Amino acid sequence: MSRLDSVIRRLTAQRDCLGWAVHHAPAGPCLDIGLGNGRTYHHLREIAPGRDLWTIDRAMKAHPSSIPPPEFYLEGEAVEMIGVLAERIGRGLALVHYDLGIGVPEQDRPLADAVGAVLTQVLAPGALIVTNAKFADYPELPLPEGVPEGRYFIQCAED
Ligand SMILES: C[S@@+](CC[C@H](N)C(=O)[O-])C[C@H]1O[C@@H](n2cnc3c(N)ncnc32)[C@H](O)[C@@H]1O
């Protein structure tokens, strides 16, 4: 498969998983880890209008249409910023989207493991995690119809 086809499949899976999760997550705020260009943040604003949307990135490079209000943007390393968020809202997040990594497993795995370990500090009971990298220790949920196995993941925090 060409890398273009692969990106199209990944983004389709991302959109479908986010759409499913917004409707099945408990009520409450959402966190987008990896604001980047802001495409997923912009999409979440559309599909989850009633939820507070927190965002993390190590540097601001979002499109002008997709810059979050400063009070909901945490700039820095993800592991550290999740700690900052825990101090602000405790275990208050209902939905997390994780979109870090460059598609090179040897480099992406350690980061996902480190983030997965601290996420417990901010996840409400029953919160959903939509992620491009599977986290250890969180049960996996079935994917929405049409999403190929292994392309994206939906996991759940313990009740
Ligand atoms: C794939 S992009 C995110 C794309 C974004 N979700 C979108 O739809 O536009 C990943 C982003 O994560 C950020 N990032 C990568 N590693 C990070 C880390 N350890 N801590 C914080 N941000 C990180 C990068 O700066 C980059 O902007």
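Refer to the structure above for everything that follows.
Just so we're clear, the structure is a prediction, and the values are computed from it rather than from any experiment.

(A) Broad picture of the overall build of the chain. A tally of helices and strands in the chain yields 4 helices and 6 strands. For the chain, the succession of helices and strands along the chain, N to C, is α-β-α-β-β-α-β-α-β-β. Taken over the C-alpha trace, the chain has a radius of gyration of 14 Å; the compact-globule value for 159 residues is 15 Å, and the two agree within 12%. Taken along the three principal axes of its C-alpha coordinates, the chain extends 45 × 35 × 35 Å. Looking at the 159 residues of the chain, the share that counts as buried comes to 45%. Within the chain, residue pairs in contact and separated by at least 24 positions form 60% of the contacts whose partners lie at least 6 positions apart. With the model as given, the accessible surface of the chain reaches about 8,200 Å², and the carbon-plus-sulfur share is 54%. Across the chain, the 14 positively charged side chains and the 21 negatively charged ones have centroids separated by 5 Å.

(B) Representation of the site of the ligand in the model. For the ligand, the set of nearby residues contains 16 residues, the closest of which are Thr40, Asp57, Lys61, Ala78 and Asp99. Asn37 has a polar backbone atom sitting 3.2 Å from an oxygen atom of the ligand. The side chain of Thr40 places a nitrogen or oxygen atom 2.9 Å from a nitrogen atom of the ligand. Notes on the ligand: free accessible area 600 Å², of which the protein chains cover 84%. Of the residues assigned to the shell around the ligand, the class counts are 4 nonpolar, 6 polar and 6 charged.

(C) Main features of the sheet that holds strand β6 (residues 153-156). The 6 strands lie next to each other as β3-β2-β1-β4-β5-β6, forming an open sheet whose pairing is mixed. Each of the sheet's edge strands pairs with one partner strand only, and the pair in question is β3 (73-75) and β6. Sheet twist, expressed as the average angle between the axes of neighbouring strands with direction ignored, equals 15°. Where strand β5 (residues 123-131) meets β6, 4 bridges bridge the pair, whose relative direction is antiparallel. What sits directly across from Val130, in β6, is Ile154. Helix α3 (residues 78-89) rests against β1 (30-33), β2 (53-57), β3 and β4 (93-98) of the sheet, and its axis sits at about 150° to β2. Set on the sheet, helix α4 (residues 105-119) makes contact with β1, β4 and β5; between it and β4 the angle comes to about 175°.

(D) Local environment of the nonpolar core. Judged by nonpolar contacts, the single largest core of 27 residues is most densely connected at Ile33 and Leu119. Elements with a contribution of two residues or more to this core: β1, β2, α3, β4, α4 and β5. In terms of residue count, the dominant contributor to this core is α3 (5 residues). If we skip the residues at most four places from it in the chain, Leu119 touches Ile33, Ile82, Val96, Ile129, Phe135 and Tyr138.

What counts and what doesn't
Residues numbered from 1 in each chain as written. Predicted model: local features only at pLDDT ≥ 70, side-chain atom pairs only at ≥ 80, totals over all residues. Heavy atoms only, no water. Helix = DSSP H or I, 4+ residues; strand = E, 2+ residues; numbered from the N terminus. Rg over C-alpha atoms; globule rule 2.2 N^0.38 Å. Buried < 20%, exposed > 50% of the residue type's maximum accessible area, 1.4 Å probe, protein only. Contact = heavy atoms within 4.5 Å. Areas by Shrake-Rupley, 256 points an atom, 1.4 Å probe, with all protein chains shown as cover. Lys, Arg positive; Asp, Glu negative; His and termini not counted. Charge placed at Lys NZ, Arg CZ, Asp CG, Glu CD. Near = heavy atom within 4 Å. Polar contact = N/O pair within 3.5 Å; in protein donor to acceptor, adjacent residues only side chain to side chain. Nonpolar A, V, L, I, M, F, W, Y, C, P; charged D, E, K, R; others polar. Pairing = 2+ DSSP bridges. Axes fitted to C-alpha atoms, helices over the stretch in contact; angles between N-to-C directions. Core = buried A, V, L, I, M, F, W, Y, C linked by side-chain atoms within 4.5 Å.

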